Amino acid sequence: MIKEKSIESTIIFLKFLTKFQSIKRDLYAVGEERMENDAEHSYQLAMMGWFLNNELQLNLNNSRLIIYSLIHDLVEVHSGDTPVFTERTELLKSKNDRERIALDRIKKEFNKFPELAVQIESYSKMKDDESKFIKIVDKILPALNIYLDDFKTWQREKRNIAEWDLYITSKANIYPEVKDYILRIKNFIINKYKTQYGNVD
């Protein structure tokens, strides 16, 4: 028999997931005049990670890929999103501390669901191939969405594409097995941008 406490816990966790859905990211949802949220980004990352594991014949553990994708940004419920190219240097400097405090809070809030925090920690430490792969896909996926949206985010924010180029190049070694693929995607996006808007500086 299901205890009343279990129903209460279910509602609490659902509220947590709803808060996750409310976290806005720093790019537009494709084809819409609103910002993408963490929940849809995480779902898309899970599906893309699963797809690319098959497409690139990497033989990684799909279950682990999906779990890492779904939980990789959960700390942002309490820490907030930290855009990569923000001009708020204090936000970038405090990212690790804010996310550590957020994880401690998740551990306390869901102490009867310890696997959640275990998976978040496992992903953050990047000690297995699955976490490294999801980390690099997470870096390139936003730019692919921006490309699909005719570069609206980059145009409106007057993004320095040369800076983005250096950023992705510096991250390509996170999972060396797909470095060539990531760099080819990077070049594809830059060439499409140059064709449409000219100089990348």
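Reference entry: report on the structure contained in this document. Nothing here was measured: the structure is a model prediction, and the numbers come from that model.

**A few points about the side chain of aspartate 149**
- The residue aspartate 149 is located in the loop between α8 (129-148) and α9 (152-156) in this model.
- Of the polar contacts made by the side chain of aspartate 149, one reaches the backbone nitrogen of glycine 31; its length is 2.8 Å.
- Setting aside its immediate chain neighbours within four residues, aspartate 149 contacts Tyr28, Ala29, Val30 and Gly31.

**So, the packing of helix α2 (residues 38-55) against helix α3 (residues 62-71)**
- At a minimum axis distance of 8 Å, the contact between α2 and α3 shows a crossing angle of 155 degrees. On the basis of their axis angle, the class for α2 and α3 is roughly antiparallel. Taken as a pair, α2 and α3 cross one another with a handedness that is right-handed. Facing Ser42, Tyr43, Leu45, Ala46, Gly49, Trp50 and Asn53 of α2, the residues of α3 in contact are Asn62, Leu65, Ile66, Ser69 and Leu70.

**Some remarks on the layout of surface pockets**
- Reported here for the largest pocket is a volume of approximately 1,000 Å³.
- Taken together, 36 residues line the largest pocket, and the ones lying closest to its centre are Asp73, Lys95, Lys135, Asp138 and Lys139.
- When contributions to the lining of the largest pocket are tallied by element, the ones reaching two or more residues are β1 (24-28), α6 (95-109), α7 (114-125), α8, α9 and α10 (161-171).
- Ranked by residue count, the leading element in the lining of the largest pocket is α8, at six residues.
- Considering only residue class, the lining of the largest pocket consists of 17 nonpolar, five polar and 14 charged.
- Each pocket or cavity is described by its volume, and for the second largest pocket that value is around 240 Å³.

**Some points on the pattern of salt bridges**
- Taken as a whole and judged by the stated rule, the model has 16 salt bridges.
- We note a salt bridge from arginine 156 to glutamate 33, for which the minimum N-O separation is 2.8 Å. One end of the pair, arginine 156, is in helix α9; the other, glutamate 33, is in the loop between β1 and β2 (35-37), with 123 residues separating them in the sequence.
- Ionic pairing is found between aspartate 165 and lysine 186, a salt bridge with its closest N-O pair at 2.9 Å. Taken as a pair, aspartate 165 in helix α10 and lysine 186 in helix α11 (residues 179-197) lie far apart in primary sequence, 21 residues in all.
- Connected via shared salt-bridge partners are Glu33, Asp149, Lys152 and Arg156.

**Examining the nonpolar core**
- Counting residues in hydrophobic clusters, the biggest one holds 42 residues, and the most contacted among them are Ile120, Phe133, Trp154 and Trp164.
- At the level of elements, α1 (4-21), α2, α3, α6, α7, α8, α10 and α11 are the ones that each hand at least two residues to this core.
- Counting residues per element, this core draws most heavily on α8, at eight residues.
- Leaving out residues up to four positions away in the same chain, phenylalanine 133 has contacts with Gly49, Leu52, Asn53, Leu58, Leu60, Leu65, Tyr175 and Val178.

Cut-offs applied
Residues numbered from 1 in each chain as written. Predicted model: local features only at pLDDT ≥ 70, side-chain atom pairs only at ≥ 80, totals over all residues. Heavy atoms only, no water. Helix = DSSP H or I, 4+ residues; strand = E, 2+ residues; numbered from the N terminus. Polar contact = N/O pair within 3.5 Å; in protein donor to acceptor, adjacent residues only side chain to side chain. Contact = heavy atoms within 4.5 Å. Axes fitted to C-alpha atoms, helices over the stretch in contact; angles between N-to-C directions. Parallel < 35°, antiparallel > 145°, perpendicular 65-115°, else oblique. Left-handed = near helix turned anticlockwise from the far one by under 90°. 1 Å grid on protein atoms, 1.4 Å probe; cavity = no way out; pocket = protein on both sides within 12 Å on 5 of 7 lines; lining within 4 Å. Points joined across faces, edges and corners; volume = space filled by probe spheres on them. Nonpolar A, V, L, I, M, F, W, Y, C, P; charged D, E, K, R; others polar. Salt bridge = Lys/Arg side-chain N within 4 Å of Asp/Glu carboxyl O. Core = buried A, V, L, I, M, F, W, Y, C linked by side-chain atoms within 4.5 Å. Buried < 20%, exposed > 50% of the residue type's maximum accessible area, 1.4 Å probe, protein only.

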